[in-house]
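Residue-level structural notes
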Amino acid sequence: MVQGTMSGAGKSLLVTALCRIFRQDGLKVAPFKSQNMALNSYITRDGLEMGRAQVAQAEAAGREPDVRMNPILLKPSSDTGSQLIVNGRVRGQYAARDYFAMKKTLVPDIERAYRSLMEENDVIVIEGAGSPAEINLKADDIVNMGLAKLVDAPVLLVGDIDRGGVFAQLYGTVSLLEEEERARIVGMVINKFRGDVSLLEPGLQMLREKTGVPVLGVVPYGQWDIDDEDSLAPRLNQTRAERPVDIAVIRLPRISNFTDFAPLESHPALGVRYVASSQQLGSPDLVILPGTKSTMQDLLWLRSCGLEAAIQKLAANGIPVLGICGGYQMLGVSISDPDGVEEKGTLSGLGLLPCHTVFAPHKTRTRMQADVLAAPFAGARADGYEIHMGCTSRTGGAPFSRLHTGAEDGAVQGLVFGTYLHGLFDTADMTDHLAKWLLQRKGLPVTWAPSMDRTAYKEEQYDQLAASVRAALDMPAIYRAMEEYSHE
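Residues numbered from 1 in each chain as written. Predicted model: local features only at pLDDT ≥ 70, side-chain atom pairs only at ≥ 80, totals over all residues. Heavy atoms only, no water.

Time to look at the environment of Val 341. Turning to its location among the elements, Val 341 is positioned in the loop between strand 19 (334-337) and strand 20 (345-348). Along the backbone, Val 341 and Arg 367 are 26 residues apart, and their C-alpha atoms lie at a distance of 23 Å. (Helix = DSSP H or I, 4+ residues; strand = E, 2+ residues; numbered from the N terminus.)

What follows is the structure in structure tokens.
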């Protein structure tokens, strides 16, 4: 099990790397996170919803994403409440206090998922959440030391030196644990280090002496194009486009599934930046309104900060606008919520697409293939998924794509496009069409837009991450710890 001294310490990437390393070493391995809180989610082939970080970890392990790898998913819808998803299906909306009071009832679901995975694999690499030293929450913990005890797992504790204070992070975390919990920590890892490792040695020695726990590695700072878990992702801080084509993604307060844009960020011709104000927006070559967990609240935010008017002005001046899922809903004429799924009432949308959305309690979650019909991208094939509440009806314009079920998806009017398809750019087809079209609009040669094999590119990223982490960690010591626990 990999636990961290805080959120953002690098647990997800380290689990991803270990999944890849164990796979390379000939073991059958799967990731596991009992409870994930994130707005980046994914729909499995059997139509179940799970956290995106565990999808990346499954890919690194060479496994098909499976909802058992993330049995509990919390999708925040406000500062104090979340949608609860259990085994891939919506269980309801819970205030933080109410969820805290009932979460121990989910332990059987967690244990069933874990035991089932364990029967099929040689190794399970478990990811914790936040910090195990949240002493106000420890009594009902189901994701850190509580889970480690339940499944009898050895623990690696990870600290982030890039933020500073890593020795205090690690020492303080170990000190706040109970003796039985401290005994589970077989090693500490310092993550995101820049510089000469030899300069750390006096501190590492003192840390070993004070905690009695060895430091099993210092992982260098690196940049790998691997899907991020949540809003702490560094990519959301990218505010400048440094490539020929400038794409502005609106950074909504409850932005979800921004992993949709990872293929664009890795393209040599496309510069992707995240915009949170009308002053930052400028005059991009394309504006994207992404998905959101709170469409109505984020639409009101868009209106209050001036971005709605700025986007409408750009669209009127011929700048293309693309909305995905919640962003598609916002581009329409109206959004109604008669049942109070988000917030009871009706709001006018941006009015850039001739469509109306009505929220309903049922959640659509399905894998979907589609043929894109919209003129600039006509003929492109998409392999994505839908995750949304409610339905959108089109009263004019044209459909964006035709689903392989025969149904139409989305809407197009002029240079404004809307679709429910997440993962739109995961296949190189749609990304190639978009890049070439935007380059042509700027009078630039389409040779800037070589076709990219996204699958091969991701495999290369996983291999590079694993090589860096393997070189930094004392893998023999980790294997010994695993062997000792398996014998016990």
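The subject of this paragraph is the sheet that holds strand 10 (residues 155-160). Reading across the sheet, the four strands line up as 1-10-11-12 and stay open at both edges, with parallel pairing between neighbours. The sheet is open, and its two edges are formed by strand 1 (2-4) and strand 12 (215-220), each paired on a single side. Strand-to-strand, the axes of this sheet are offset by a mean angle of 25 degrees, without reference to chain direction. Pairing between strand 10 and strand 11 (residues 185-193): six bridges, direction parallel. Note that in strand 11 the partner of Leu 157 across the bridge is Met 188. With respect to the sheet, helix 1 (residues 11-24) is in contact with strand 1 and strand 10, its orientation differing from that of strand 1 by roughly 160 degrees. (Pairing = 2+ DSSP bridges. Axes fitted to C-alpha atoms, helices over the stretch in contact; angles between N-to-C directions. Contact = heavy atoms within 4.5 Å.)

For the pair helix 11 (residues 295-304) and helix 12 (residues 307-316), interaxial distance at closest approach is 5 Å and the crossing angle is 75 degrees. Taken together, the axes of helix 11 and helix 12 lie roughly perpendicular to each other. For the pair helix 11 and helix 12, the contacting residues are Trp 301, Leu 302 and Arg 303 in the first and Leu 307, Glu 308 and Ile 311 in the second. (Parallel < 35°, antiparallel > 145°, perpendicular 65-115°, else oblique.)

Overall, mixed pairing links the six strands, which are arranged 15-13-16-18-26-25 in an open sheet. Each of the sheet's edge strands pairs with one partner strand only, and the pair in question is strand 15 (270-275) and strand 25 (411-413). Between one strand axis and the next, the sheet turns by 15 degrees as a mean value, whatever way the strands run. Inspection of the sheet shows strand 18 (residues 321-324) paired to strand 26 (residues 416-419) by four bridges, in the parallel sense. Bridged to Ile 324 within strand 26 is Thr 419. This element, helix 12, spans strand 13 (245-250), strand 15, strand 16 (286-289), strand 18 and strand 26 of the sheet and lies at about 135 degrees to strand 16.

We now examine the pattern of salt bridges. For the structure shown, the criterion picks out 30 salt bridges. With a closest N to O distance of 3.9 Å, Arg 23 and Glu 459 form a salt bridge. Note that Arg 23 is positioned in helix 1 and Glu 459 in helix 15 (residues 454-472), a separation of 436 residues in sequence. With relative accessibility at 27%, the residue Glu 459 sits in the partly exposed group. Ionic pairing is found between Asp 371 and Arg 381, a salt bridge with its closest N-O pair at 3.1 Å. Placement of Asp 371 in strand 21 (residues 355-372) and of Arg 381 in strand 22 (residues 381-394) is noted, with a sequence separation of ten residues between them. Taking the relative accessible area as the measure of exposure, Asp 371 reaches 29% and is therefore partly exposed. Residue Arg 381 is classed as partly exposed on the basis of its relative accessible area of 45%. What emerges from the salt-bridge pattern is a single network uniting Arg 20, Arg 23, Glu 459 and Asp 463. (Salt bridge = Lys/Arg side-chain N within 4 Å of Asp/Glu carboxyl O. Buried < 20%, exposed > 50% of the residue type's maximum accessible area, 1.4 Å probe, protein only.)

Ring pairs (aromatic) are described by centroid distance and by the angle formed between their planes. Scanning all chains against the criterion turns up eight aromatic pairs. On the numbers, 5.0 Å between centres and 80 degrees between planes, the contact of Tyr 328 with Tyr 420 is edge-to-face. Here the residue Tyr 328 occupies a position in helix 13 (residues 326-331), and Tyr 420 occupies one in the loop between strand 26 and helix 14 (428-441), the gap between them amounting to 92 residues. Overall, Tyr 328 belongs to the buried group, its relative accessible area being 2%. The interplanar angle of 90 degrees and the centroid separation of 6.1 Å between the aromatic rings of Phe 417 and Trp 437 together place this pair among those described as edge-to-face. (Phe/Tyr/Trp six-rings, centres within 6.5 Å; stacked < 30°, edge-to-face > 60°.)

Turning next to the pairing of strand 10. Within strand 10, six of the six residues are buried, leaving the element largely enclosed by the surrounding structure. Burial along strand 10 is two-sided: the residues Val 155, Leu 157 and Gly 159 and Leu 156, Val 158 and Asp 160 are all buried.

Interpretation in functional terms is not warranted from these geometric data alone.
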